[in-house]
Structure formats: C-alpha cells, structure tokens
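Listed here are the chains, written in short residue letters.
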Amino acid sequence: MKYIVVIDQGTTSSRAIIYNVRGEVVGKAQQEFRQIYPQPGYVEHDPIDILSSVRSVISTALTEARVKNSELIGMGITNQRETVVMWDKLTGEPFYNAIVWQCRRTMERCIELKGYAEEILKRTGLKLDSYFSASKIEWILNNIPKARELLQEKRLLVGTIDTYLMWQLSGGKIYKTDYTNASRTMLFNIHHLVWDDYLCNLFQVPKEILPEVCPSSHYYGMTDAEILGFEIPICGVAGDQQSALFGQCCFEKGDLKVTYGTGCFLLMNTKEEALVSKNGLVTSLGCQTNQMPSYVLEGSVFVGGAVIQWLRDELKIISKASDSEALARSVSNTNGVYLVPAFVGLGAPYWNFEAEGLLTGITRGTNRAHIARAALEAIAYQVNDVTNAMCKDVNQSIPCFKVDGGASENSFLMEFQANISNVSILSPINKEVTALGAFYLVALQQNIYKTLEDIKQVNLVDKIYSCNMKSEDRIKLLNGWNKAIKKSQL
Ligand code: ADP
C-alpha cells in the first residue's frame, strides 16, 4: 500500500494525518504549541516551535500508522492563513516570532491607510484590515533592525506558514506558496495572479523577497531526507479554509461550506467569477487544480463555538461543550431571550468593532436552559446573516450547504440552522475536511484520482438536516434577532 502524509498546521496545534490511497486515515498525531502574547492585542508564535511540532507529529503519526518511510508517496500541507514569518536565507534562522493573523498591532496603521481601502479591495478582494499579512510584514521591516540588515544583504526571506514549512522541510530548496495563501497576504493581485506592484510599493515590501506562487495541486519539490528521514514530493498546498472547501467537495459554482469552530467560516465557490462583495464579504482565491483560477466568497463570524466555551468557562452552566445540546432541548424555546455574542465586535456582514455583547428579553422565569438555547441559536442566526449577505452578492438563493467543525456535531444547532435558514444541511462521514482537502490535492497531482468526480466518492454524506419550521415562526424569530442585533450596536 502507498500512503500520503498531510500536515495541518493550525493556530493552536499542528497535526499530521496519514492517509492510504483510498482516503482512509491510518494514523494521526496532534501537538499544541505555545501562544505568545507579548502585550495586549499582540499574538505571536515561535517559528521554531511550529517546525518542531510539525516534525514531531509526522514521526508520531507514522509510528502509529506503522507506515514505513519507503511507502510514502507524497506530502500535502494545509495551514493557518495570513500569519507571517521572516527568516535568514543562509542560516534558516527565523530571527523574529511569527506575527499571527489574530494580532492587532497594525490596526492603527490600517486606519492611517483608510484612503487606499477601495484600491486594495479592487486588487486583492480584501477589506483593509490588520488581519491580513501585508501590514504585518511592513511592521517587521520597519521595527526589527535585523530584517533591514538581511534585506540589504539579500538574505531575507518572508512567507506564510506553508512557505516557511516547505523551505525548512526541503532544506532550503523550495521557496514557494500557493494561490490560496498568497490571496490572503493583501499583496497579491487576485485578477492578474501576480504580486501587485502598487501594493508592494504601498506597504514597502520588495517584490524580490516574496516566494513564487503556484497552483494548489502542483509539484512543489522534494522534502530533504536529512531533515525528515525521507524524500517525497510536496504536491498539495492550501490555506485551511480553502482546503476545507475543497475537502467538502464544493467544486461547483454556488457550493457553500460552513465550518463551526471557535469562529464560523463560510466559503462559497464562485469559480471563475471574482465577485466584489457589496455586503461585507471578502473575495479570495480557491484551490486551483488546472490553469483556471477559481474564486471564493468568504465571510466569518468571530464568535461561534466560542460562545459555548463561554457558557462552560465563565457562566459555568455546562461542564462540557456537548452538554449544551441536552440543556437547550430541555426547553421548547428561549422564552424570548436573545444572546448576541459580540464579545469582540461583530464580523461579516456588520463589521462593527464597537458592537457589544448582549443578553436581552430576560424575565423572572429565564433559566440557564433558555440561555444555553439562546447561545446555540445565536451561532445559527449569525451564520444565517452571512449566508443572506452571500445570497445578495451572488443574486441567488442557497438551497443547501455542507458543514464541519466541532460545533457541527451538535444536532440541535444543525436542526435550528436548517430551520432558520430554510436550507438542507449535509454533514459528511469524515468531519476532518481541512486535511482531507490537502489529501485530495496531492492525490490529484499524483493521478491517484483522475477527476473531481472520483473524489466525490471518498467522503459521503453521513447526515442530512432538513427544514421543518413554518415560515411565520421563522419570521417571528428573525424579527427578534434583528432587534437584538440592532441593540448590540447602539
Ligand atoms: P477550532 O478548530 O476553531 O479550534 P473546533 O472545530 O475544534 O474549533 O471546534 C471547537 C469549538 O466548537 C469550541 O468553541 C467548542 O465550544 C465548540 N463545540 C465543540 N463541540 C460542541 C458541541 N457538541 N456543541 C456546541 N459546541 C461545540
């Protein structure tokens, strides 16, 4: 048997998954690494921690799978997006911590650049925000003297996590990234598929230090046997959300997936159409498997499953996340209670950083079950707001979508989502679609699967949730939610 190893390098942990060529998981390992918060609003990772966690999970997963190095035929990488690392081309040393996507240190700078927002949106599909890589790279160049020094000596390399991992695992031979990752840097022109001169100039990032950009399913180069103990081709690379969209087999125009994790991420495949959202969404590049670029429309909800953690850790009304389901089901409705979890403001489609969290409609009879139910419903309402924004942008309705992520295991939440959004929800057998997406990219490049149709047979639908709510009930509930959302923004 032949095997493929996928690295899923996430924000809080690194994972390695070993697949056989049928797409079955035969071994996996996960390791958390240090989150570094040097001051309020700053979030960093030590690139050495990231690399060593990746090497360690690969070796543990291979041992668990009892797979010999000689049986490995390819590697895929999926990764946390937007996070940037710089390192020395001669020594490989990352001289400064990675600045993580969550880091807000360049917020002021982005406010300063407000006048350029429209031009940035036109070129990159992105909202001007410190979340994306450009202002983070600019910050390191301006604040860390070593970066300037190395730049002058032509020894400076910069990349997102995929680029850093490929460079390190290949012993410095691969200096590349893929379209999905490049499209989240805010330096990449998503229409012309090149690093954008105007933006590189604006953020003062010399184009020469940026990696070559390639399709997601592509031969990137070989790993170095001295570093990993085996030499195999890296041939699938994608940012985590785009990889999950691919892993969900959302190959057609209009296909949508929703990931219910700490936050919720909604991505819709718009194929060859690079739509510019009028409703607070961003446009990025999706996984590319041939010469045609493919685009996605993306919206995120900041607080998704995190509101359930809040019930558990702060309110202490449940002891584990899954308890929220039985508690919510113990009452037939929230008794008029709405919870707006705008703990860090509101994301798409509102983009209001001043919005405040809110619990409203409380009466003497309100109990913890009503609050737990309102918390789960709030996740669904927020996802519904983003899907409505998407419907407006693409000018069509959404009859169904696919789901994954920890909170998609909650069938109360999924039933309520199907009801409130009036959609069918499809949940796959293998919920780990992020890594699966990278597996598919490798398998396509290696001709294990010849077409996208072949891939659709690998991970079939496990459960379907259908709508069975009367429209007048839906309208009443949505009216209450809309009032609460308005109140949270007063
Ligand atoms: P991430 O990748 O963002 O860490 P996961 O996909 O692992 O997220 O999902 C974890 C999140 O899902 C947590 O915020 C947790 O509160 C929530 N969660 C997990 N299981 C359930 C459940 N059964 N019901 C509701 N929320 C859940």
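It should be emphasised that the depicted structure is a prediction, and the values quoted were computed from it without experimental measurement. (Residues numbered from 1 in each chain as written. Predicted model: local features only at pLDDT ≥ 70, side-chain atom pairs only at ≥ 80, totals over all residues. Heavy atoms only, no water.)

(A) Highlighting the nonpolar core. The biggest cluster of nonpolar side chains holds 88 residues, and the ones touching the most others in it are Ile58, Met75 and Ile140. Ranked by residue count, the leading element in this core is helix H1 (residues 47-65), at eight residues. Excluding anything up to four places from it in sequence, Ile58 contacts Val5, Ile7, Ala16, Met75, Leu228 and Phe230. Within the second largest apolar cluster, 62 residues are counted, among which are Val303, Ile398, Ala418 and Leu478. (Core = buried A, V, L, I, M, F, W, Y, C linked by side-chain atoms within 4.5 Å. Buried < 20%, exposed > 50% of the residue type's maximum accessible area, 1.4 Å probe, protein only. Helix = DSSP H or I, 4+ residues; strand = E, 2+ residues; numbered from the N terminus. Contact = heavy atoms within 4.5 Å.)

(B) Looking closely at helix H5 (residues 145-152). Those residues of H5 that fall on the buried side of the exposure criterion are Ala147, Leu150 and Leu151. Angular distribution of buried residues about the axis of H5 spans 105°; they occupy a single face of the element. Seen from the buried face of H5, the exposed residues on the opposite side, beyond 90 degrees, are Pro145 and Gln152. Those residues of H5 that are buried are in contact with strand S6 (84-88), helix H4 (134-143) and strand S8 (156-160). Two residues or fewer past H5, Lys154 is found with a positive phi of approximately 60°. (Arc of directions from axis to C-beta.)

(C) Spotlight on H4. For H4, the buried fraction is high: eight of the 10 residues fall into the buried class. Those residues of H4 that are buried lie in contact with S6, strand S7 (98-99), helix H2 (107-112), H5, S8 and helix H8 (197-202).

(D) Representation of unusual backbone geometry in the model. At the junction of Ala348 and Pro349, the peptide bond is cis and its omega measures out at -5° in the coordinates. By the secondary structure assignment, Pro349 is in the loop between strand S19 (338-340) and strand S20 (358-360). In the Ramachandran plot, Lys316 falls in the positive-phi region, its phi being about 55° despite a non-glycine side chain. Looking at Lys316, the relative accessible area reads 62%, which means it is exposed. One non-glycine residue, Asn422, lies in the positive phi region at around 55°. In this fold, Asn422 is placed in the loop between helix H14 (411-421) and strand S22 (424-428).

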